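Reading the structure
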Amino acid sequence: MPVPDPLEDLALLVEAARGAGRIAARFFRDEPETWDKPDGAGPVTEADLAVDEMLRDRLCDARPDYGWLSEETPDTPERLKAERVFIVDPIDGTQAFIEGSSAFSHSLAVAEGGVVVAAVVYLPIRGKLYAAARGHGATLNDQAIRAADDCALQDAEVLATKHTLSPEHWPQGVPPVTRAYRPSLAYRMALVGEGRFDGMVTFRPTWEWDIAAGSLIIAEAGGLATDATGAVLRFNADVPKVPGVLAGSAGVHSALLRARV
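Residues numbered from 1 in each chain as written. Predicted model: local features only at pLDDT ≥ 70, side-chain atom pairs only at ≥ 80, totals over all residues. Heavy atoms only, no water.

Threshold: UniProt positions are given in the numbering used here, feature names are shortened, and annotations may be inferred rather than shown by experiment.
If you look the protein chain up in an unreviewed UniProt entry, it shows as Myo-inositol-1(Or 4)-monophosphatase from Roseicyclus mahoneyensis. UniProt's Sequence similarities (unreviewed entry) comment on the protein chain is quoted here verbatim: "Belongs to the inositol monophosphatase superfamily." What the UniProt record of the protein chain gives under Cofactor (unreviewed entry) is the line "Mg(2+)".

1. A few points about the packing of aromatic side chains
Put simply, the rule is: Each Phe, Tyr or Trp ring, with Trp reduced to its six-membered ring, pairs with another whose centre is within 6.5 Å; inter-plane angles below 30 degrees give stacked pairs, above 60 give edge-to-face pairs, and intermediate values give tilted ones. Secondary structure elements follow DSSP: runs of H or I of four or more residues count as helices, runs of E of two or more count as strands, with numbering from the N terminus. Residue exposure (1.4 Å probe, protein chains only): buried if accessible area is under 20% of the type maximum, exposed if over 50%, otherwise partly exposed. For a Lys NZ or an Arg CZ to count as sitting over a ring, it must be within 6 Å of the ring centre and within 35 degrees of the ring normal.
For the structure shown, the criterion picks out eight aromatic pairs. Measuring from ring centre to ring centre gives 5.0 Å for Tyr66 and Phe86, while their planes differ by 40 degrees; the resulting arrangement is tilted. Taken together, the residues Tyr66 in the loop between helix 2 (46-62) and strand 3 (67-70) and Phe86 in strand 4 (residues 84-92) connect sequence positions 20 residues apart. Where Tyr130 meets Tyr187, the ring centres are 6.4 Å apart and the plane angle is 50 degrees; that geometry is what we call tilted. With a gap of 57 residues between them, Tyr130 in strand 7 (residues 128-133) and Tyr187 in helix 4 (residues 185-194) connect regions that are remote in the sequence. Since its relative accessible area comes to 0%, Tyr130 is described here as buried. An aromatic cluster is present here, built from Phe28, Phe97 and Phe104 joined pairwise through their rings. If you follow Arg18 out to its NZ or CZ, it ends over the ring of Tyr122, 5.6 Å from the centre. It is Arg260 that lies over the ring of Phe203; its NZ or CZ is 4.0 Å from the centre.

2. Topic: the pairing of strand 4
Convention followed: Two strands pair if DSSP finds at least two bridges between them.
Of all nine residues in strand 4, nine are buried, a share of seventy percent or more. The pairing of strand 3 with strand 4 spans four bridges and is parallel. Note on strand 4: the bridge partner recorded for Gly67 is Val85. Examined bridge by bridge, strand 4 and strand 5 (residues 105-112) share seven bridges and lie antiparallel to one another. When the sheet's bridge partners are listed, Ile87 is paired in strand 5 with Ala109.

What follows is the structure, encoded as structure tokens:
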């Protein structure tokens, strides 16, 4: 079977993301049924499951030879045999969704040989669709975006939780950045790609579906995204988790990494 061009996969992801947004909008602020996942893994709603089912059906029907990795689908080893795999978070920021915040997103990506080649982060209530295809740049609502220019850390605005900026994580001292926060990790990464923020950091073990799409959006916007140790991000791992994420312009990324070692 011929390998689709990344732009063809991107068009498929955009269409699917818009469909996901229509489903999520039906449940939004309408008290969706909610459950707690086992082992403290957080909440899930009937909207998450409905979006997941639609995305799995639509995307896998269109690309039956692709693997599937989603937060809301039980994982199987079959995806490890696939050269290309969908990596999906049906609703990133489920707690925000439950609370009626519009800052949740749908995060969809295609990885080939461990490298993301097409990506979408869509905030349906806010009408913001971030997209990227490898080698073709990144966009917000079809307009090209660029990561912020380098700046000194004392001038940088960085997306992170309060705990991320606690002294225990920074042997060289907590960097003098201005902290901001958004509940969806995929949205945080997209905002770095947009140039709205200078960087983002998380040190928590991070699932691939939270960051796959955002990592390509940042890279295609001229920024840099690695794991929290500075290592290159690779996707579709046996255990699909990375040890945190560090992203921003090249200079801000480098300065944050130096503060860690």
